[in-house]
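# Secondary and tertiary structure notes
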Amino acid sequence: MLNNISEPITSHAINRGQHTAILNPITNEKLNYSELEHEIIKTSLALQELGIEKNMLVAISLKDSIIHVVIQLSLARIGCIHLPMDWRWGDEEKLNLITHFKPETIIVEDANSAKIIVSHLSLMNKEKVINVDKLIEASQIIENDFKSGKVDFFRTNQNFVANYSQNQPLLISLSSGTTGTPRGPQINHSHMISRFIAQSISLKFSWYDQFVAATPLYFGGGRTFVLSYLFMGGTIILLPPPWRPETFLKTLREYKPNVTFLVPTQIRDLLSLETKKLKDCATLTSVISSGSPLHENERKSVIDNISSGLIEYYASTEGGGISALFAKDMEESPSSVGKPIFRVEVQITDNNKFVQPPNTIGMVRYRGPAVTSKLFGEKNSKQKGETEDGWFYPGDLGELDKNGFLYLRGRSKDVIIRGGINIYPAEIERTLLKIESINEAAVLGIKDERYGEIVAAVIVGKKVLDDENVKKLCSDTLATYKIPEKFAYVGELPKNSGGKIIKSELTKLFITKSWL
């Protein structure tokens, strides 16, 4: 039984040591599995020399790099708990997270970052903030000890055989775009290993794959897929931010990888290019998309021009993967997010938690071995919505059809109640996106004295659109009360790092009328 996510790397180092584990085409760095295992041992020792011990909460605020991945695996090997922080955040965002979770150590990109944190945070001292150069320096001293024989590498390797409980905490999985008071679902090694196994079975990950990591390591999907492939023994091709479609295509041309994960924004960037520029995508047998659903016409364009192996992956911070929709099913169930993946059970309930029959809209709930039920640092806490029988309610509305396909109908908090009638934004958004001049659309409710709420739409279009014309086109498929009554036209929709639209920001548009 595997108890630690870093365990298989020891096996890969022994059995497939020369197989490439991770490479960075930008910096030309590369590690095979033997070298990766060596780096993990060395870095684990260096971290311990710097005072980091099992069960410590360690925040990481680093750029995407091979050393970033090595540090994540080394902390896992020691038995520490990893708190991810996006290095691109402003000082206030970082300090908000640090103040709330109170990590015992913070690993930062450089000495200047360390100074900023120390100067703003009186509860911490300099010893608790480590810049990555200091860690690399400590690792090099240990490397010299290995080479001189002062430290026995083989014996050190044996000492690092993981023997922790599967319930050992691994990381605090912050939701993308966390604002306000952070919530920190605690992901244990067992949860993450269950996610890796489900990805191997349902998404067909294997050690023969080459995976392009084109989303940030801070981001849940970016981090999880990288760790999953290293767990499986595959090859990671790391493309650090900023995202550039041309760099991505060049990487495909030079390395011929077969799998990647992209958020919808990245996919739209690729689709905006001339079709002939996408010929290098022919190497991709699978393209995983997650964060928010692709539109039906976008799915078809991806299948025709990027990869016939498109997979839409419905996932959450708390539970990992929930369902997957494969290209072969997209024609039959074009607006679905697929069927539940390996060892995930999904149901639809009413507000009283009674299970609903097929084709009935209600609250989505799911359970499985990858679902966490605890918030970090809160002994008696349970995730919001969790019940005694282990079900988790992510706050999504949806329905299951008779064949087991899941359809999302929006967030429960986004339901518009107009004159006492429930209106689901997703239905209206799908209608708007069928209008040729509209690239993106988001629908929300805004306050109204007569009806309580009315339907409003924020649109990104190729040209200036006329409100009345849009209403007329909507009237072909929508009931009168569902047709948007207010419109705003913008150059782009506000989104978080996972590509999800931030609807709270859109509400402000109708208060300030800032698009005018």
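Our structure is the block above this text.
Quick notes on the rules
Residues numbered from 1 in each chain as written. Predicted model: local features only at pLDDT ≥ 70, side-chain atom pairs only at ≥ 80, totals over all residues. Heavy atoms only, no water. Pairing = 2+ DSSP bridges. Helix = DSSP H or I, 4+ residues; strand = E, 2+ residues; numbered from the N terminus. Axes fitted to C-alpha atoms, helices over the stretch in contact; angles between N-to-C directions. Parallel < 35°, antiparallel > 145°, perpendicular 65-115°, else oblique. Left-handed = near helix turned anticlockwise from the far one by under 90°. Contact = heavy atoms within 4.5 Å. Nonpolar A, V, L, I, M, F, W, Y, C, P; charged D, E, K, R; others polar. Buried < 20%, exposed > 50% of the residue type's maximum accessible area, 1.4 Å probe, protein only. Patch = residues over 30% accessible without salt bridge, like charges linked within 9 Å, V, L, I, M, F, W, Y side chains within 5 Å. Areas by Shrake-Rupley, 256 points an atom, 1.4 Å probe, with all protein chains shown as cover. Salt bridge = Lys/Arg side-chain N within 4 Å of Asp/Glu carboxyl O. Polar contact = N/O pair within 3.5 Å; in protein donor to acceptor, adjacent residues only side chain to side chain.

### Looking at the sheet that holds strand β2 (residues 29–32)
Strand order in the open sheet formed by 9 strands is β2-β1-β10-β9-β11-β12-β13-β14-β15, and the pairing between neighbours is mixed. Two strands close off the open sheet at either side, each with one partner strand: β2 and β15 (339–340). One ladder, built from 2 bridges, connects strand β1 (residues 20–24) with strand β10 (residues 235–238); its direction is parallel. If you follow I22 over to β10, its bridge partner there is I236.

### What about the packing of helix α2 (residues 33–49) against helix α3 (residues 66–78)?
Close contact between α2 and α3 brings their axes to 8 Å; oriented N to C, the two are set at 65 degrees. Put simply, α2 runs roughly perpendicular to α3. Helix-helix and strand crossings are classified by hand; for α2 and α3 the assignment is right-handed. Across from L36, E37, E39, I40, I41, T43, S44, L47 and Q48 in α2, the residues of α3 making contact are V70, I71, L73, S74, L75, R77 and I78. Residues that form the contact of α2 with α3 fall into these classes: 9 nonpolar, 4 polar and 3 charged.

### Topic: the environment of G220
Inspection of the secondary structure puts G220 in helix α9 (residues 220–232). Looking at G220, the relative accessible area reads 24%, which means it is partly exposed. Note: C-alpha distance between G220 and L174 (46 residues apart in sequence) is 7.9 Å.

### Quick word on a nonpolar patch on the surface
Judged by side-chain polarity, I197, I201 and F342 come together as a nonpolar surface patch covering roughly 250 Å² of accessible area. Residue placement: F342 occurs in the loop between β15 and β16 (345–349).

### Quick look at the pattern of salt bridges
Evaluation of the coordinates by the stated rule reveals 20 salt bridges. Here E274 makes a salt bridge to K276, at a shortest N to O gap of 3.9 Å. Residue E274 is classed as partly exposed on the basis of its relative accessible area of 46%. The shortest N-O distance in the salt bridge between R409 and E399 comes to 2.9 Å. With R409 in strand β19 (residues 406–411) and E399 in strand β18 (residues 396–400), the pair connects residues that are 10 residues apart, well separated along the chain. Given a relative accessible area of 13%, R409 falls into the buried group.

### A closer look at unusual backbone geometry
Here the residue pair P241 and P242 is connected by a cis peptide bond, since its omega of 5 degrees sits within 30 degrees of zero. Positive phi, close to 65 degrees, is recorded for N28, a residue that is not glycine. Along the chain, the position of N28 falls in the loop between β1 and β2. Of note, the phi angle at K256 is positive, near 55 degrees, even though the residue is not glycine. Residue placement: K256 occurs in the loop between α10 (245–255) and β11 (259–262).

### Notes on the side chain of E37
In this fold, E37 is placed in helix α2. On the basis of relative accessibility, which here comes to 3%, the residue E37 falls in the buried class. Only 2.9 Å separates the side chain of E37 from the side chain of R77, close enough to count as a polar contact.

### What to know about the side chain of D86
Examined against the element boundaries, D86 turns out to sit in the loop between β4 (81–84) and α4 (91–101). Here D86 falls in the buried class, since its relative accessible area comes to 6%. A polar side-chain atom of D86 sits 3.0 Å from a polar atom in the side chain of R88. Not counting residues up to four positions away in its chain, the partners in contact with D86 are S61, K94 and Y218.

### Focus on the packing of helix α11 (residues 264–271) against helix α12 (residues 296–305)
At their nearest, the axes of α11 and α12 sit 11 Å apart, and the two run at 60 degrees to each other. For the element pair α11 / α12, the angle class is oblique. In this structure, α11 crosses over α12, and the sense of that crossing is left-handed. For the pair α11 and α12, contact is made by I267, R268 and L271 and by E298, S301 and V302, respectively.

### Notes on the environment of I5
Relative to the assigned elements, I5 resides in the segment before α1 (7–15). In this structure I5 comes out as buried when scored by relative accessible area, which is 4%. Dropping the residues within four chain positions of it, I5 is found in contact with L73, A76, L170, H189, M192, I193, F196, L227 and F231.

### Let's talk about the sheet that holds β16
Within the open sheet, the 4 strands sit side by side as β16-β17-β18-β19. Their pairing is antiparallel. The open sheet has two edge strands, β16 and β19, and neither has a second partner. Sheet twist, expressed as the mean angle between neighbouring strand axes with direction ignored, is 45 degrees. Bridge count for strand β17 (residues 362–367) against β18 is 2 bridges, and the pairing is antiparallel. Following the sheet pairing, M363 is matched in β18 by L397.

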